[in-house]
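An overview of the molecular structure
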Amino acid sequence: MEHSPTSDYQSLNSGITAGGNPVNALLVVDMQVDFITGSLAVPDGPSVVDPVKDIIGLPFHFRYASKDWHPRGHISFASTHQGKELFGKTTIYPPEDLVQAKGQDTSAIGERGLEQVLWPDHCVQGTLGARLIEPLREDHFDAIISKGVDPGVECYSAFTDPWGLLITNLERLLRERRVTDLYVVGVAGDYCVKESAMDATKFNAWNTWVVKEGVRSVSTEGKEWETMKSAGVGIINTVSQLKEK
Ligand code: VGL
Ligand code: ZN
């Protein structure tokens, strides 16, 4: 689904697109009701809305938003697994039909298990909890990236699931737009923001930055910042520091 840029926010109109000039894109990760005030609200969630809104208003060339967009009975929901506890863990495997469709070796499925945290039901397709948190709106963005749409596959990164079975159009969009710098904000810092930012560095195609003031995490330990930094993600602390860039 492509969205036309909003009239609320002026797109940068300096005429620079290529030839060594920066092309700045913003990725706003999962700023949805369930993660801010709903079933899987991150600590201090509502306080991130204003900084993110301010950042969206800056003159980026392109703005994208990801949405966690799960069917009912998604594999990441504790309610899907009998006898498992909320926030407990289980091992999940890539679905055979998708592995087959990708032409990958189906006999190796047993070796590709991943640890899955079992979450409360959240961001169910079409529900209020899956909407962007107000006052953010879909028409603030050039495109919306839906992820976690397959019932059997968890997808924290806005680029791909961990098995590379379902790839979103985000990489293609950023390449086509010749983006040189990708700025990431949103929730949750230790899950979808971290995985999206780390994946973004793997393409070696643009610089990847995360703006700390525009991020809140499930855990308040803050381990994700060192992990992202080690992967080559640039950390910008505040919105004012971002404005000076
Ligand atoms: C997320 C947990 C489950 C996230 C998504 O957006 O960080 N976290 N699904
Ligand atoms: Zn989810």
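Just so it is clear, the structure is predicted and the values come from calculations on it, not from any experiment.

**Digging into the confidence of the model for the chain**
Regions with low pLDDT carry predicted coordinates that are not meant to be interpreted in detail. Per-chain confidence: the chain averages 92 in pLDDT, with 92% of residues scoring 70 or above. Interface predicted TM-score (ipTM) for the complex: 0.98; the corresponding pTM is 0.92.

**Comments concerning the packing of helix 5 (residues 189-202) against helix 6 (residues 223-230)**
Orientation of helix 5 relative to helix 6, taken along the N-to-C sense of each, is 5°, at an axis distance of 10 Å. What the angle tells us is that helix 5 and helix 6 run roughly parallel. For the pair formed by helix 5 and helix 6, the contact residues are G189, D190, K194, A197 and M198 on the first element and E224, T227 and M228 on the second.

**Some details on the environment of N21**
Along the chain, N21 turns up in the segment before strand 1 (24-29). Sequence separation between N21 and V179 is 158 residues; the distance between their C-alpha atoms is 9.8 Å.

**Describing the sheet that holds strand 6 (residues 181-186)**
What the 6 strands build is an open sheet, ordered 5-2-1-6-7-8; its pairing is parallel. On the outer flanks of this sheet lie strand 5 (143-147) and strand 8 (234-236), each paired with one strand and no other. Taken pair by pair, the neighbouring strands of this sheet meet at an average axis angle of 25°, ignoring direction. Both strand 2 (residues 62-68) and strand 5 contribute to a ladder of 5 bridges, which runs parallel. Within strand 5, the position partnered with A65 by the bridge is I144.

**Describing the pattern of salt bridges**
A full pass over the atoms with the stated rule returns 11 salt bridges. K147 is the salt-bridge partner of D30, the closest N and O atoms lying 2.8 Å from each other. In this pair, D30 sits in the loop between strand 1 and helix 1 (33-36) while K147 sits in strand 5, placing the two residues 117 residues apart along the sequence. For the pair formed by D30 and K147, the shared burial category is buried. The partner of K89 in a salt bridge is E115, and the shortest N-O contact between them spans 3.6 Å.

**What to know about the site of ligand 1**
By nearness alone, every residue bordering ligand 1 is listed as D30, F35, L40, D68, W119, H122, Y156, V187, A188, Y191 and C192. In the environment of ligand 1, an oxygen atom lies 2.5 Å from a nitrogen or oxygen atom belonging to the side chain of D30. A distance of 3.0 Å separates a nitrogen atom of ligand 1 from a polar side-chain atom of D68. Out of a free accessible area of 260 Å², ligand 1 has 99% covered by protein chains. Tallied by class, the residues present in the shell around ligand 1 amount to 8 nonpolar, 1 polar and 2 charged.

**Some points on the coordination of the zinc ion (ligand 2)**
For a metal bound by four donors in a tetrahedral arrangement, the ideal donor-metal-donor angle is 109.5 degrees, while six donors in an octahedral arrangement ideally sit at 90 or 180 degrees. Protein ligation of the zinc ion (ligand 2) involves D68 (OD), H70 (NE2) and H122 (NE2), the donor distances falling in the range 2.0 to 2.2 Å. Considering all 4 donor atoms around the zinc ion (ligand 2), angles at the metal cover 86 to 169° and the coordination shape is irregular.

**Considerations on unusual backbone geometry**
Of note, the bond from E134 into P135 is cis; its omega dihedral lies within 30 degrees of zero at 5°. When you line up the elements, P135 lands in the loop between strand 4 (114-117) and strand 5. Between V187 and the following residue, A188, the backbone shows a cis peptide bond with an omega angle of -15°. Within the fold, A188 resides in the loop between strand 6 and helix 5.

**Here's the deal with helix 2 (residues 49-56)**
Within an α-helix, residues lying three or four positions from one another point in the same direction, as the helix has 3.6 residues per turn. The complete set of buried residues in helix 2 reads V49, P51, V52, I55 and I56. The arc that holds every buried residue of helix 2, seen down its axis, measures 165°, which confines them to one face. Against strand 1, helix 1, strand 2, strand 6, strand 7 (207-215) and helix 7 (239-244) lie the buried residues of helix 2.

Here is what the cut-offs are and how they apply
- Residues numbered from 1 in each chain as written.
- Chains lettered and ligands numbered in written order.
- Predicted model: local features only at pLDDT ≥ 70, side-chain atom pairs only at ≥ 80, totals over all residues.
- Heavy atoms only, no water.
- pLDDT = per-residue confidence, 0-100.
- Axes fitted to C-alpha atoms, helices over the stretch in contact; angles between N-to-C directions.
- Helix = DSSP H or I, 4+ residues; strand = E, 2+ residues; numbered from the N terminus.
- Parallel < 35°, antiparallel > 145°, perpendicular 65-115°, else oblique.
- Contact = heavy atoms within 4.5 Å.
- Pairing = 2+ DSSP bridges.
- Salt bridge = Lys/Arg side-chain N within 4 Å of Asp/Glu carboxyl O.
- Buried < 20%, exposed > 50% of the residue type's maximum accessible area, 1.4 Å probe, protein only.
- Near = heavy atom within 4 Å.
- Polar contact = N/O pair within 3.5 Å; in protein donor to acceptor, adjacent residues only side chain to side chain.
- Areas by Shrake-Rupley, 256 points an atom, 1.4 Å probe, with all protein chains shown as cover.
- Nonpolar A, V, L, I, M, F, W, Y, C, P; charged D, E, K, R; others polar.
- Donors = N, O, S within 2.8 Å, 3.2 Å for Na, K, Ca; no water.
- Tetrahedral: all angles 85-135°; square planar, octahedral: opposite > 155°, others 65-115°.
- Arc of directions from axis to C-beta.

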